[in-house]
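Structural overview for review
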Amino acid sequence: MALAVMLLNGASFYGGCCRHKVFLSLLGPLLSNSKLYSSYRRPGAEPEKKLSWQNADFSFKKGIDHLKTQLSLLRKETQDYLRGPGGHPLSHHVLEQTRVLWQFRSQEDLNKWVISSDVEIGGKSKVYIKLGRNNQAAFLYGTLNTEVPRDGETKYSGYCSMRSRPAVGSFNRRKYYDWSNFNSLYLRIRGDGRPWMVNIYTDPYFSHQKDDLYSYFMFTRGGPYWEEIKIPFSKFFFSSRGRVQDNQHPVWLDKASFLRLYLKRQTLGFTIGDKVDGPFQLEIDFIGLLNDRAHREEFAYETYDKNTPV
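Residues numbered from 1 in each chain as written. Predicted model: local features only at pLDDT ≥ 70, side-chain atom pairs only at ≥ 80, totals over all residues. Heavy atoms only, no water.

1. Side note on the pairing of strand β7 (residues 195–202)
Condition: Burial classification: accessible surface area is computed with a 1.4 Å probe over protein chains only, and a residue below 20% of its type maximum counts as buried, one above 50% as exposed, and the rest as partly exposed. Each helix is a run of H or I in the DSSP string that is no shorter than four residues. Each strand is a run of E no shorter than two, and both are numbered from the N terminus. For two strands to count as paired, DSSP must find a minimum of two bridges between them.
With respect to burial, β7 is a largely interior element, 8 of its 8 residues being buried. The alternating pattern of β7 places Pro195, Met197, Asn199 and Tyr201 on one face and Trp196, Val198, Ile200 and Thr202 on the opposite face, and all of these are buried. In this sheet, strand β8 (residues 212–219) lies alongside β7 in antiparallel orientation, the contact comprising 6 bridges. The residue bridging valine 198 from the neighbouring strand is tyrosine 216, located in β8.

2. Let's talk about the nonpolar core
Here is the rule: Only buried Ala, Val, Leu, Ile, Met, Phe, Trp, Tyr and Cys residues count toward a nonpolar core, and they belong to the same one when joined by side-chain atoms within 4.5 Å. The criterion used for residue contact is that any of the two residues' heavy atoms lie within 4.5 Å.
Of all hydrophobic cores here, the largest spans 36 residues; its most connected members are Trp179, Leu185, Met218 and Phe236. Broken down by element, this core gets its largest block of residues, 5 residues, from strand β13 (residues 278–290). Phenylalanine 236 has contacts with Leu185, Val198, Ile200, Tyr214, Ser215, Tyr216, Ile231, Val251, Phe299 and Tyr301, leaving out every residue within four places of it along the chain.

3. Describing the pairing of strand β4 (residues 138–144)
Counting buried positions along β4 yields 5 of 7 residues, so the element is predominantly enclosed. Note that strand β3 (residues 126–131) and β4 share 6 bridges and pair antiparallel. The residue bridging valine 127 from the neighbouring strand is glycine 142, located in β4. Where β3 folds back onto β4 in an antiparallel hairpin, the turn is made up of 6 residues, including asparagine 134, whose phi is positive at roughly 60°. As defined by bridge partners, β4 adjoins β13 across 7 bridges and the pair is classed as antiparallel. Bridge pairing in β13 links alanine 138 to isoleucine 284.

Shape is all these values report; function is a separate question.
Here is the structure:
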């Protein structure tokens, strides 16, 4: 019903003799009591004066242009799919040993990532990102502050993160990274000696798995020299809502959603970084994948049946 009113709100009848205001006056009382939109708002936020469907900007010309763009993306995706895995021939896919996922050389490369901190929950940590010297790297910097907000609810604070935007296909379809042809994450970085946490999110099959992620530590040595870090996927451990799970399993490399670099204090007995207040910085040249033929470990942690039959 909200969609119908949105169409009426943006379109006029041919000839201009009839307007849609008559229909809106009839449907308005019905939609005012409708449950088609969310009535939740955060505490302290001002209530919206308009309903969600009234904020829609309907334009026929924009719709046609958007449709053309999405159809061109769909055609390109179809051509890449027919060409081979990842848009490359099958021989290239089989022999591929390295792949650069993210390389930071322009502002457009930085826009593929999102930074966040505990300011979202009332904290005082700050994080920024910009291009490094000569536009050859991403420079992530800021200040970590573990002071807990005095709101009576928050118990822990002090984190900063850098997260890649999820891949989106044509018609806003969610896409996933297929890393099944590789066994290691490969980064070229220059840090200040602080430890970081690398998180990999995968596509959840059920809604209660939305907080599941795979994590491992990344230690920086500091100093003026760049370092190349290789993290095997077999080292990533499974956790949910900050708790390491007893039932461990390898990363679903064919359903990777996005990657996140995390700097956080120690919380709930789960060490995912340091708890030192003060400034930090991290330079990232590129983030890629590596197929290390010498690494033969499938999974580094013990797997067992929790309900062992008697």
